[in-house]
Amino acid sequence: MSSSIKIATLGTPRIGPRRELKTALEAYWAHRIGEKELRETAARLRADNWARQKAAGVTVIPSNDFSFYDHVLDTSVMVGAIPETYGWKTGGVTLGTYFAMARGSQGADGEGACGCPHANHGAPAQEMTKWFDTNYHYMVPEFTAGQRFTLASLKAVDEYREAQHLGYETRPVLLGPVTFLKLGKSKDPALDPLTLLDALLPVYLDVLRRLAANGAEWVQIDEPCLVLDLDAAERDALKKTYRRFADALPSLKIMLATYFGALGDNLDTALSLPVAGLHLDLSRAPQQLDDVLAKAPPGLVLSLGVIDGRNVWRADLAAILDRLEPVVAKRGTDHIQLAPSCSLLHTPVDLELERDLDADVKSWLAFGVQKMGELSALGRALSEGRATVAPALEAASAALAARRASPKVHDAAVRQRLAAVTPQMALRRAPYAERAAVQRRRFGFPLFPTTTIGSFPQTAEVRKARAAHAKGALTDAEYDSFLREETARTIRWQEVAGLDVLVHGEFERNDMVQYFGEKLSGFAFTKNGWVQSYGSRCVRPPILYGDVSRPEPMTVGWWHFAQSQTDRPMKGMLTGPVTILNWSFVRDDVARSVACRQIALAIRDEVADLEKAGAPMIQIDEAALREGLPLRRADWKTYLDWAINAFRLASSGVANETQIHTHMCYSEFNDIIDAIAAMDADVISIETSRSKMELLDAFRSFKYPNEIGPGVYDIHSPRVPGVLEMTALLKLARERLSDRQLWVNPDCGLKTRRWEEVRPALENMVAAAKALRSAS
């Protein structure tokens, strides 16, 4: 029996249970399949998603939540916000143009990286950054003064009609216009994107009219900006937008979706908007429900995000029912919908694909399909009584009790060690100025020393060998020999290319977080727990379920082998505690700060062992530091205090002559530059190439004391930047920083790129550094 309370998902994973979209995209980019085959794969994935939701009891099924690359990019294309560099003038937008915006295009040999043989040659990709505080990346919309918008894609309408044809009545999903403008940027610093709202709204209205004309009764419009700090102009923009929608289309019902936090001081604004429904994230912000109930008009449909859409833990169904039963009794089943806190884009597809996961840990988890089942059970219990789903409630309660009591979760020694940490353990032995003098004498680098971030291409041969080893077709000794040959070859190439500081390439590592999690206690791993990071890039976040410790050294052997192959400095490569935390599915039974400090102590042990083995410099990547920043400024200090302390706890036990590096990628941190400086890393490398060094603007007024490597090579695009392009970026960096501070490096690790791209790009990078030295 289906529930009279409607069950929604807001959105589902696009990639497929076994990353079918990734496989198809990469085959298309490599010209192994054509556009027809790619679109057929996409259609199958959409059909499967709709069928999967219906089978799980979902009654409000979304459409237009699929994307070939990114839903924000889809919105830019929908409204014709396509920069001139991509060659589009009017009419439909080709996949060639779309992928050029996402990935850039080379153009040097007459063919774009997008696979388009005619246009977009030599165009860089659009800037990319993190979607709110997640590890999902979106393509930043780019606006110009006098920006004209035009309907350039009917994707939202086409996919709604596609679902109709298959027998599914869906609720189309659109990214809201105010959030879209807030996510965008202009190269003209004087242009406030919000001033473009009047020009943008007619395109949205056109799309909404077409959806209504094709039978859509409801449309979901996502405005997650409502959980941010908004000023009066932004609130007025929201009021103007939804009044225009209501006036033009009074019969179309809008479900306004907010997520990733509480409405807070935007609650009155949200409730004043003429919409039919409002979605609330009650996982991140359960406390807001009472305020909403007290103020919401009786006819407003409340979509209650009671299941965590960003983590993998099984829900406490009985406790949720205790909270919801009075709400349903007051508002009635017609004015309540149940949903995850946000789109299920951020969770793996199906736990049942995990055959080898520890049975206890598996019993504590729920992936996308299971979360739909939890929502369905809650809906039935609220509509028909708890007795109708008694087995599901009992199983959930038993799993929760078992997890709380499990010895796999609790380690007294770890907690005792954490309690013994002193403030001095998070301090270097001398201030940076003294350390820098010692390190310059030790290394004797020229101006603009060159290095890379850590990884080198994980080629088909590397992936094949890893898979063969995992299946037992390659012995440990054979696999080790293969990895040593790859490492030695890469080191020799770096020497020939002229890099000043080398890395070993990380061929033994499957992922920068998973590799360490597999060697630490308290983590579990999946085989098919994939989550989209951007485009075809997917990750399998580790599941941090218990107390963390390091049983034995994790990287020392590989560093020692690599250093034995060269006389040049070889960096030890580690992932930092904050990044391991933020890129994992984290236990919810202790504070995140506690889990992070446990990881920091484990990394501290590894740093000490690397230094003891002779490592002259150790890089501790904190790529996800900015990503974990709370969305409300009032909450920043608490997070930054414990996050920065965790990095310093991991990194500060070394001698003055040991150089500590860190890396942060695709995160805007101009507004937290004080905290970045407080990390006290000797050298920090950051992404700056796509933003054309914009991220360094903070250094015009803030006198950053330590050394910094602003990225000059966008590794998320297949295009190879030239020497002049890199030199121009470095000249921009020199306007903000002194020559003595500057290092030269790519934006990020190179594992996803091909050697055919990496070799010329790094050779150009070294040439750019040498050109600046000779001109200095």
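In this text the structure is predicted, and so the values were computed from the model without any measurement.

### A short note on helix α1 (residues 20–29)
Next, step 1: Residues of α1 that are buried include every one of Leu21, Ala24, Leu25, Ala27, Tyr28 and Trp29, and no others.
Next, step 2: Residues of α1 that are buried make contact with α2 (35–55) and α4 (95–103).
Next, step 3: One or two positions beyond α1, positive phi appears at histidine 31, with a value near 65°.

### Quick look at the packing of helix α17 (residues 460–470) against helix α18 (residues 476–497)
Next, step 1: At a minimum axis separation of 10 Å, α17 and α18 run at an interaxial angle of 165°. In terms of their interaxial angle, α17 and α18 are classed as roughly antiparallel. Here α17 runs over α18; the crossing is left-handed. Contacts between α17 and α18 involve Glu461, Val462, Ala465, Arg466 and His469 from the former and Asp476, Tyr479, Phe482 and Glu486 from the latter.
Next, step 2: Of the residues that constitute the contact of α17 with α18, the class distribution is 4 nonpolar, 1 polar and 4 charged.

### Thoughts on the environment of lysine 295
Next, step 1: When you line up the elements, lysine 295 lands in helix α10 (residues 288–295).
Next, step 2: Lysine 295 gets classed as partly exposed once you look at its relative accessible area, which sits at 48%.
Next, step 3: The spacing of lysine 295 and aspartate 268 is 27 residues in sequence and 8.2 Å in space, taken between C-alpha atoms.
Next, step 4: Dropping the residues within four chain positions of it, lysine 295 is found in contact with Leu267, Asp268 and Leu271.
Next, step 5: Within the local environment of lysine 295, its side chain forms a polar contact with the side chain of aspartate 268, the two groups lying 3.0 Å apart.

### A closer look at empty space enclosed by the protein
A water-sized probe, rolled over the atoms, reveals where empty space remains.
Next, step 1: Going through the model one piece at a time under the given rule, you end up with 8 cavities of 30 Å³ or more.
Next, step 2: Approximately 500 Å³ is the volume attributed to the largest cavity.
Next, step 3: In terms of lining, the largest cavity is formed by 35 residues, of which the most central are Met512, Arg537, Trp583, Cys748 and Lys751.
Next, step 4: Where the lining of the largest cavity is concerned, the elements lending two or more residues are β14 (531–534), β15 (537–539) and β17 (571–575).
Next, step 5: It is β17 that provides the largest number of residues to the lining of the largest cavity, a total of 3 residues.
Next, step 6: Within the lining of the largest cavity, the residues separate by chemical class into 16 nonpolar, 12 polar and 7 charged.
Next, step 7: Counted as a void, the second largest cavity has a volume near 350 Å³.
Next, step 8: Surrounding the second largest cavity, 28 residues form its lining, Arg14, Asn64, Asp65, His71 and Val173 being those nearest its centre.

### Things to note about the pattern of salt bridges
Side chains bearing opposite charge may pair, as long as their charged atoms lie close to each other.
Next, step 1: This structure, assessed with the given rule, holds 52 salt bridges.
Next, step 2: One salt bridge connects aspartate 206 with arginine 210, and the closest N-O pair in it is separated by 2.8 Å. Placement of the pair is aspartate 206 and arginine 210 together in helix α7 (residues 197–213), with a separation of 4 residues, close to one helical turn.
Next, step 3: Classification of aspartate 206 as partly exposed rests on a relative accessible area of 25%.
Next, step 4: Taking the shortest distance from any N to any O, the salt bridge between glutamate 757 and arginine 753 comes out at 2.6 Å.
Next, step 5: Overall, the relative accessible area of 10% leaves arginine 753 in the buried class.
Next, step 6: In the salt-bridge network here, residues are joined through shared partners; they are Arg403, Arg415, Asp547, Arg587, Asp588 and Asp589.

### As for the packing of α7 against helix α8 (residues 232–248)
Next, step 1: Where α7 contacts α8, the two axes come as close as 11 Å, and the packing angle between them is 35°. Seen from above, α7 lies across α8 with right-handed handedness. Residue-level inspection shows Leu197, Asp198, Leu201, Pro202, Tyr204, Leu205, Leu208 and Arg209 of α7 in contact with α8, the latter providing Ala237, Lys240, Thr241, Arg244, Phe245 and Ala248.
Next, step 2: Tallied by class, residues from the contact of α7 with α8 come to 9 nonpolar, 1 polar and 4 charged.

### Here we look at the pairing of strand β11 (residues 301–307)
Next, step 1: Of all 7 residues making up β11, 7 are buried, and the element is well covered by its neighbours.
Next, step 2: Bridge count for strand β10 (residues 277–281) against β11 is 5 bridges, and the pairing is parallel. In the sheet register, leucine 278 faces β11, and the bridge partner there is leucine 302.
Next, step 3: A crossover links β10 with its parallel partner β11, the connecting element being α10, and its sense is right-handed.
Next, step 4: Alignment of β11 against strand β12 (residues 336–340), held across 5 bridges, turns out to be parallel. Following the sheet pairing, serine 303 is matched in β12 by glutamine 337.

### Focus: the side chain of glutamate 627
Next, step 1: Looking at the element boundaries, glutamate 627 is found in the loop between β19 (617–621) and α23 (636–651).
Next, step 2: Here lysine 130 takes part through its side chain, which lies 2.5 Å from a polar atom of the side chain of glutamate 627.

### A word on the confidence of the model for the chain
Caution applies to low-pLDDT regions: their predicted coordinates should not be interpreted in detail.
Next, step 1: The predicted model of the chain has a mean per-residue pLDDT of 94, with 96% of residues at 70 or higher.
Next, step 2: Counting interchain partners and residues more than four positions distant, the pLDDT-below-50 stretch residues 108–121 has 31 contacts.

### Re the sheet that holds strand β16 (residues 543–544)
Next, step 1: With mixed pairing, 3 strands are arranged side by side in an open sheet as β13-β16-β18. The open sheet is flanked by β13 (523–524) and β18 (585–586), the only strands paired with a single partner.
Next, step 2: In this structure, β13 lies alongside β16, joined through 2 bridges in antiparallel fashion. Bridged to alanine 524 within β16 is isoleucine 543.

### Observations regarding the packing of aromatic side chains
Next, step 1: Scanning the entire structure with this criterion turns up 25 aromatic pairs.
Next, step 2: Look at tyrosine 515 and phenylalanine 516: their rings are 5.4 Å apart centre to centre, the planes differ by 90°, and that puts the pair in the edge-to-face class. With respect to burial, tyrosine 515 and phenylalanine 516 carry one shared label: buried.
Next, step 3: Each member of the aromatic cluster is reached from another via a ring pair, and the members are Tyr28, Trp29, Phe66, Phe68, Tyr69, Tyr98 and Phe99.

Scoring rules and cut-offs
- Residues numbered from 1 in each chain as written.
- Predicted model: local features only at pLDDT ≥ 70, side-chain atom pairs only at ≥ 80, totals over all residues.
- Heavy atoms only, no water.
- Buried < 20%, exposed > 50% of the residue type's maximum accessible area, 1.4 Å probe, protein only.
- Helix = DSSP H or I, 4+ residues; strand = E, 2+ residues; numbered from the N terminus.
- Contact = heavy atoms within 4.5 Å.
- Axes fitted to C-alpha atoms, helices over the stretch in contact; angles between N-to-C directions.
- Parallel < 35°, antiparallel > 145°, perpendicular 65-115°, else oblique.
- Left-handed = near helix turned anticlockwise from the far one by under 90°.
- Nonpolar A, V, L, I, M, F, W, Y, C, P; charged D, E, K, R; others polar.
- Polar contact = N/O pair within 3.5 Å; in protein donor to acceptor, adjacent residues only side chain to side chain.
- 1 Å grid on protein atoms, 1.4 Å probe; cavity = no way out; pocket = protein on both sides within 12 Å on 5 of 7 lines; lining within 4 Å.
- Points joined across faces, edges and corners; volume = space filled by probe spheres on them.
- Salt bridge = Lys/Arg side-chain N within 4 Å of Asp/Glu carboxyl O.
- Pairing = 2+ DSSP bridges.
- Right-handed = clockwise from strand over helix to strand, strands pointing away.
- pLDDT = per-residue confidence, 0-100.
- Phe/Tyr/Trp six-rings, centres within 6.5 Å; stacked < 30°, edge-to-face > 60°.

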